[in-house]
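Residue-level structural notes
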Amino acid sequence: MSGGVWTGLVLLAACVKVAVWANDGDAVFIREFTLIRRDHLSEEPLHDSSQKPEDPSSRTARSEEDRDTLWDAWGSWSECSRTCGGGASYSLRRCLSSKTCEGQNIKYRTCSNVDCPVDAGDFRAQQCSAHADVHYQGQYHEWLPVYNDPENPCTLKCKAKGSGLVVELAPKVLDGTRCYTESLDMCISGLCQIVGCDHELGSTAKEDNCGVCNGDGSSCRLVRGHYKSQHASEKTEDTVVVVPYKSRHVRLVLKGPDHLYVESKTLQGVKGELGLNKSGQYHLENTTLDYQKLSDKEVLRITGPLGADFTVKVQFTSGADSVVQYIYYQPIIHRWRETDFFPCSVTCGGGYQLTSAECFDLRSNRVVVDQYCHYYPENIKPKPKLQECNMEPCLASDGYKQIMPYDLYHPLPRWESSPWTACSTSCGGGIQSRSVSCVEEDMQGIITPTEEWKCLYSPKTAILQPCNAFDCPTWLAQQWSPCTVTCGQGLRYRVVLCIDHRGLHAGGCNPTTKPHIKEECLVTVPCYKSIDTLPVEAKPPWHKQAIELDDEIILTDEPSFIPGPWQPCSRTCGAGTQHRTVKCQVLLSFSQTVADLPDDECEGVKPAASQPCYRTPCQRPGGKKEEEEGEEEQQGETPQREELHDWEYEGFTECSESCGGGVQEAVVICLNKQTREAAEENLCVSSRRPPQLLQDCKIQPCPPRWETGLWSTCSASCGVGLMTRTVACTHRPFRDSNRTEVLRNEDCQSPKPSPVQACNRFDCPPMWDTSDWGQCSRSCGGGIQRRQVLCKQRLADGSILELPDTFCPSKSPPNQRPCSTPECPPHWVTTDWSQCSVTCGNGIQRLQSVCRKLGEDGRHWTVGPENCSMTVRPSSIRPCSLRLCDNSMKPTILTQRKVYLQWRKGKKVHLVVGGYAYLLPWTTVVLRCPTRHIRKGHIRWLKEGKPLVSLPHLSITSLGYVKIQQVSSSDAGIYTCVAGQAREHFVLQIIGSKQKLSVPEVAGGQRKVGHMDAVSTGERLPELPVAVNRYDNIVDRLLELKGSVQEDVIDKPHSSEKNKLNPEDQRAIPEISVSVIDTNRLDEITHNLSEGLQGPRGQQLIAQLLSELTMRHDETNESTLHHPESAQPSTQGLLYKPHIIAHTTRSRNPLIIQRPRKVGVTPPSEMTVHVGIPIFLQKPVASLEMRCESLGYPEQFLTWTKNGKELTSNSRVELLPKGSLKIQAPDKADEGLYTCTVRNRLGSTSLSSRLQITGGKGRNCVQGNNVGGNAPICPDRTNRNLSAELCHGQACPVRWRADPWAPCSTSCGGGSQTRTLRCVHGPEGMSGEVESHYCLGTGRKPSSTRLCNLLPCARWITSHWGPCHGQCVGSNLATQTRDVYCQDMNGTKVPYRMCNGLQRPSPVKNCSTDACAVHWRIGPWTQCTATCGRHGFQSRQVTCTHRHSGKTMREHHCMWKPRPPSWRRCNILSCGRAAECRDSTRYCEKVRQLELCPLPQFKSRCCHSCLNT
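Residues numbered from 1 in each chain as written. Predicted model: local features only at pLDDT ≥ 70, side-chain atom pairs only at ≥ 80, totals over all residues. Heavy atoms only, no water.

1. What to know about the overall build of the chain
For the chain, the helix and strand inventory stands at 18 helices and 97 strands. In the chain, which comprises 1509 residues, the proportion classed as buried is 37%. Expressed as a percentage of contacts within the chain between residues at least 6 apart in sequence, the contacts between residues at least 24 apart total 61%. Only carbon and sulfur atoms are counted for the fraction: they give 51% of the accessible area of the chain, which is about 89300 Å². (Helix = DSSP H or I, 4+ residues; strand = E, 2+ residues; numbered from the N terminus. Buried < 20%, exposed > 50% of the residue type's maximum accessible area, 1.4 Å probe, protein only. Contact = heavy atoms within 4.5 Å. Areas by Shrake-Rupley, 256 points an atom, 1.4 Å probe, with all protein chains shown as cover.)

2. Remarks on the state of the cysteines
Applying the stated criterion across every chain yields a total of 37 disulfides. At a sulfur-sulfur separation of 1.9 Å, the disulfide partner of C498 is C509. Since a negative S-S torsion denotes a left-handed disulfide, the C498-C509 link at about 90 degrees is right-handed. On the criterion of sequence distance, the pair formed by C498 in strand β32 (residues 496-499) and C509 in the loop between β32 and β33 (518-523) is long-range, its members being eleven residues apart. The residues C498 and C509 share a single accessibility class, namely buried. In this model, C791 is linked to C808 through a disulfide, with the two sulfur atoms separated by 2.0 Å. The sign of the S-S torsion, about 95 degrees, decides the handedness of the disulfide formed by C791 and C808: right-handed. Taken as a pair, C791 in strand β50 (residues 789-794) and C808 in the loop between β51 (800-803) and β52 (816-819) lie far apart in primary sequence, 17 residues in all. C808 carries the same exposure label as C791, and that label is buried. (Disulfide = S-S within 2.5 Å.)

3. Some thoughts on the sheet that holds strand β74 (residues 1175-1177)
Taking strand neighbours across the sheet as the criterion, the five strands line up as β74-β82-β81-β77-β78 in an open arrangement whose pairing is mixed. Looking at strand neighbours, the two that pair on one side only are β74 and β78 (1205-1206), the edges of this open sheet. Relative to β78, strand β77 (residues 1197-1202) runs antiparallel, the two being bridged by two bridges. Looking at the pairing, K1202 lines up with K1205 of β78. (Pairing = 2+ DSSP bridges.)

4. A short note on the packing of aromatic side chains
Per the counting criterion, the structure on display carries five aromatic pairs. On the basis of an interplanar angle of 70 degrees and a centroid distance of 6.3 Å, the ring pair of Y282 and Y291 is categorised as edge-to-face. A relative accessible area of 4% places Y291 in the buried class. Ring geometry for Y900 against F986: centres 6.2 Å apart, planes inclined by 45 degrees, an arrangement best described as tilted. Of the two residues, Y900 is situated in strand β58 (residues 898-902) and F986 in strand β68 (residues 982-991); the sequence distance between them amounts to 86 residues. Summarising the burial analysis for this pair, Y900 and F986 share the class buried. Sitting above the plane of the F360 ring, R337 keeps its charged end 3.9 Å from the centroid. The ring of Y961 has R928 sitting right over it, with the charged end atom 4.8 Å from the ring centre. (Phe/Tyr/Trp six-rings, centres within 6.5 Å; stacked < 30°, edge-to-face > 60°. Lys NZ or Arg CZ within 6 Å of the ring centre and 35° of its normal.)

5. So, the sheet that holds strand β18 (residues 309-315)
Overall, antiparallel pairing links the four strands, which are arranged β11-β18-β13-β14 in an open sheet. Lying at the two open borders of the sheet, with one neighbouring strand each, are β11 (237-243) and β14 (271-275). Pairwise comparison of adjacent strand axes, ignoring direction, gives a mean angle of 25 degrees for this sheet. Where strand β13 (residues 259-265) lies against β18, seven bridges are found, and the strand directions are antiparallel. Each bridged residue has a counterpart across the sheet, and for S264 the counterpart in β18 is F310. (Axes fitted to C-alpha atoms, helices over the stretch in contact; angles between N-to-C directions.)

6. Thoughts on the side chain of D208
Mapped onto the secondary structure, D208 falls in the loop between β9 (191-193) and β10 (220-228). No salt bridge is formed by the buried D208, whose closest oppositely charged neighbour, R248, lies at an N-O distance of 6.8 Å. From its side chain, D208 meets the backbone nitrogen of D216 in a polar contact 3.5 Å long. Within the local environment of D208, its side chain forms a polar contact with the backbone nitrogen of G217, the two atoms lying 2.7 Å apart. When sequence neighbours within four positions are dropped, the list of residues in contact with D208 reads G215, D216 and G217. (Lys, Arg positive; Asp, Glu negative; His and termini not counted. Salt bridge = Lys/Arg side-chain N within 4 Å of Asp/Glu carboxyl O. Polar contact = N/O pair within 3.5 Å; in protein donor to acceptor, adjacent residues only side chain to side chain.)

7. Some points on the pairing of strand β73 (residues 1166-1170)
Of all five residues making up β73, four are buried, and the element is well covered by its neighbours. Here β73 runs beside strand β75 (residues 1183-1187); their pairing, made up of five bridges, is parallel. In the sheet register, H1170 faces β75, and the bridge partner there is R1187.

8. Some words on helix α12 (residues 1079-1088)
Among the residues of α12, those classed as buried are T1079, N1080, R1081, L1082, E1084 and I1085. Put simply, D1078 is the residue that caps the front of α12, since its side-chain oxygen is 3.0 Å from the backbone nitrogen of N1080.

9. Quick word on the confidence of the model for the chain
Here the chain shows a mean pLDDT of 75. Residues at 70 or above account for 77%. Note on residues 1-58: pLDDT is under 50 here. Beyond four places in sequence and across chains, it has 78 contacts. Ignoring residues within four places in sequence, the model shows residues 624-642, a span with pLDDT below 50, making 15 contacts including any to other chains. (pLDDT = per-residue confidence, 0-100.)

10. Topic: a positive patch on the surface
Among the surface-exposed residues, K265, K271, K1389 and R1400 lie close enough to one another that they form a single positively charged patch. When you line up the elements, K1389 lands in strand β91 (residues 1389-1390). (Patch = residues over 30% accessible without salt bridge, like charges linked within 9 Å, V, L, I, M, F, W, Y side chains within 5 Å. Charge placed at Lys NZ, Arg CZ, Asp CG, Glu CD.)

11. Let's talk about the pattern of salt bridges
Two side chains of opposite charge can pair, provided their charged atoms sit close to one another. For the structure shown, the criterion picks out 23 salt bridges. A salt bridge links K460 to E452; its shortest N-O distance comes to 3.1 Å. Overall, the relative accessible area of 42% leaves K460 in the partly exposed class. One continuous salt-bridge network, built from bridges that share partners, spans R1212, D1227 and D1230.

Now the structure itself:
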């Protein structure tokens, strides 16, 4: 390869650096993704031949196309230019010839086509922001991207934020950057490349409106509509449209004064709400909404897909009605999905397998009933596919195998039809029907119905067909016979036949329309003898034929006796007998054929089958006819005629019962003795009739049989109901017994008649569905009850469809009604505030109230106060401030009674007059004197009673405060602030070396460091009103105790040595700089220590005070210690940590630190207290921890005792490593006196707490400072005199006293309440109120106002729990739901955002129901389909069954428990071979008859049958 080609590639690689020229001429290079990097090239230029060639394994094999060219194979793909959002990757190839190769040496593909995280940001914006640290025109800019440049979309153009300056910062954006915001096209190497929705370069694939790449739009449907608001309905809002989940391209336009807003509901039921206030982009449920608010309309666009169901609502305003037009593409959420092939019907030898189609819900990802898919006309259910399977021969030990029953009796599913019903008409064309169902044969050969889709591989047989299309039979009359007389009036006859469509006399004509067969006739020839009064009957054959046709009995579909024609008389003359056949027959209307039945199937008397006949008299030789002789000898021949016929028995009738014992009767007939044939009974003498004979028959007992009751009425008039009946297996022991025994169902033959059947399976009409009435909005005086009224329709499949209100009848049931009509009792109503109690200065106002009553007209009337005597009159007080009083203009000093104690060096300490300060040297001090009603410049300062003069390190500022730089012992003393007639003092003390107090320097030298002498101090300053050394002893003890924990080295006055501490010193010294202590706290300690600070009690209190000071160092830089009445509970841990104690250098007795209160930050169920105070538990707690913290050196040993007995750890009582005692779930048995004892070799100390537990009943109290609840303090002498002991007379300090809080100004929505603060002085019970300015120096004034009732003026309202028929979630467990909505105090439903500050009640809970008492019932495994091989399997029936009734339920009721498998592999053994030849299918006889044995697949399965063919 020539060097020129390599140079071009290297230059191309170098051109990926883009220079941006600044004003100063320097070039700044911006990094960019390199498309052709040098390290990707396989070789260096030819002038450097020392490099090793590329590893051939890194390239793919050359394709056939490459072999015909001069190109090498393509190299591997590079890393993707982006990790998400769609990037580009490239591959290179090299030219193998020195000549020029045609084509490109680089190709691209897309990669990382996954969505970026939401917080990843825009790719083009990231490239612009990368230039934020680059100078442009002498300054930095925050660059924003410029999108959709029509001329060159692949240049990096950015806009400076604020100035609007647009600059091209790079000629190319990075590969993978989108060309346009609304397109997938991407920039590659500075050119915009087309990218289809399939993320392929150069692809023209586009998404359809449904969001399907290359789709045809069939997976969604276009929805258009409009909505018009109706302000007259008195609603404040209304629903425009509900746009379902996954919809796309939503556009709504509102024209009018109203406003749009959106609510959402996810598939999990989480609801959201979005108010549209101004134009811009909004985000709701991972969906972007573009909202545009114009002067006359509002436009909402959502590209989609929607992340939830969006309900677009309109908020009504005053003015004209608004119109909303909307359009969107709604996804078809129910789609047909083809299943996989089911297991093969056989394991070998050739079988079949089918697919199915199921309706799939795309939202919930589950299969639903088919009706949901039928709802969409676009859905076309795929037909099942049928294919052959397991065609290999079945092997056995001899080379073949015996096919198991599953193979023998498993033909294809087929259409099975019932017999045709009777034709709707017997002739003239009718219709007959039949039922056609898909059936399959199981392993036992039982045919059962199955799903229709399994038979759809073949056409479904017809269920209707025409029938009896032939013409109906008609009467056909023959010609009239001649008249029966030759003269005068006579009769004539004719034959009338019923001729069918075949021309045969078959019957079936309507007898009412039959023409008559005889009529009178008149011969015009006169007769010469008297004519008969009646016509003379015609002689045979006309007479005989007419009678036969006239007596014809018509066949019907009811069994009846049908006599045949009479046979000729047995004699040609004289008396004979003629016979005929009499059959019990029925007409089969559907086939128009006649069927013979047994005689007992016909009702009524069977017609005679024989009768006597008489044709003509026989001629005797004398020529006289027998008829004439008979007339002459009639009387003499009567006995002989009677002897001709007589009664005889001929068999028995059918048995009266089929089982259980019946009777049968002997049949008596009149018999012709000569012919031995039956004759008419009137030929026999009735008096000689033999008696009736009976005999028993069918005496064997009847078998059990099914006895069914009547069907009940349908449980529903529409929407599918059920009819039930009783079905019992019964048995009657004896024929005459009236008792019927009920047996087990197994004793009767199958199948058992069904006890239940569906009825009224058609959709109900839409109708109103009302919920229960809600609570009344008011408890009295007339309120409103509301309920939900919805239009619903119950479908034929049992589901309930919610419809718009317009589908139901126009008049809907009322959704509200009046309630709580009893009048309300009178009540107090607050009015205005009273006038201020003073005319100047600060006073109070009282809230006035009146008694009012609600009248019948709905108005409130003021009544006398005695009407409200049953209720408490509200009272509220608030402070008021008027003009300043004349005497209030005197200057006052706002003092603070504090003691400042400095622990470690600090830059500056701020002090306020009225207290004491103990500071370290070399500290800068600012001493302030806050005043009122006097200018700051008029404030004067004194020291030791003399005017304070400015010094180089001490100055008095124009604002009236004193500033001392680097204070020293000479600055100690008493400072006095003078403001008019008011003056306040401040005592400043300096802490010397070794943590002792130093005395100030005096003239003539410096006194030795030591304690201040109270007497000497008093003598030196007898005129001062404050005691200089009032708190020196306590401060000395605090400094000494601190020093016993860690020795402190006081900084030298040299700047190089100041503020330097070693690490150990820093760890040991408390982190606080200055502690601020309330003087009342120190006065209390001084008063309680009559024996002095050196006693055990003194050491205890000083250690406790030091612990309290240290525990506050995390809250503020200056720890403040207040009087116990205002002290806050500590939340910190131990003061001295173990590693600090290890550094102590001074031995001392053990000391237990006593805390005044319990630890504040603990869970409610766990309680932590410090030993030394009573413990009183009113409520159960999970655990109680008693802490015992101690000081001392050397090492201490701690033990716990209860009532004098030492405690050890067990399952409930635990001794913690830090010395605490923890009791799990304390109860009555744990009551007693618990003592903590700490020992070391120098001594020991103990502290106790009594634990008392009650069940919360009765009134309990505890002694002293109780811990554990709000139990009242016992009213004993100790507590009554507590305040008196703390102070005596005028020594009691002034303090703030707060009255109880007044009622809140509002009941909800955020109000305020006030209380009155008074400055009091003197002991408790005898204290008096003084002016408030006396309390200004006692600390922070308590608050007199606070917020209250912050909860919003709305609440969550729940409906009653619905029925317990939700989804089963466990055994006997289902879910039930209720409505939860936000309602204001007037009972009006408001948006959910009004209740956001309240905890929303749960809308779902578990419930117990017998309907979910279900389990998986498992049947036995069937026989394996193969004895060996790899294809054998066996199945079993797995059904969801109710535990109590045994009824089969739908499987989703049992899905809370995994479904057991219904089939498994079996007999997975290798098959041997043997020489046995046998048939392995039941169709072998057909195979041999059809001569299919030559075919191998049939011969192998029918070896035995094909053996001799």
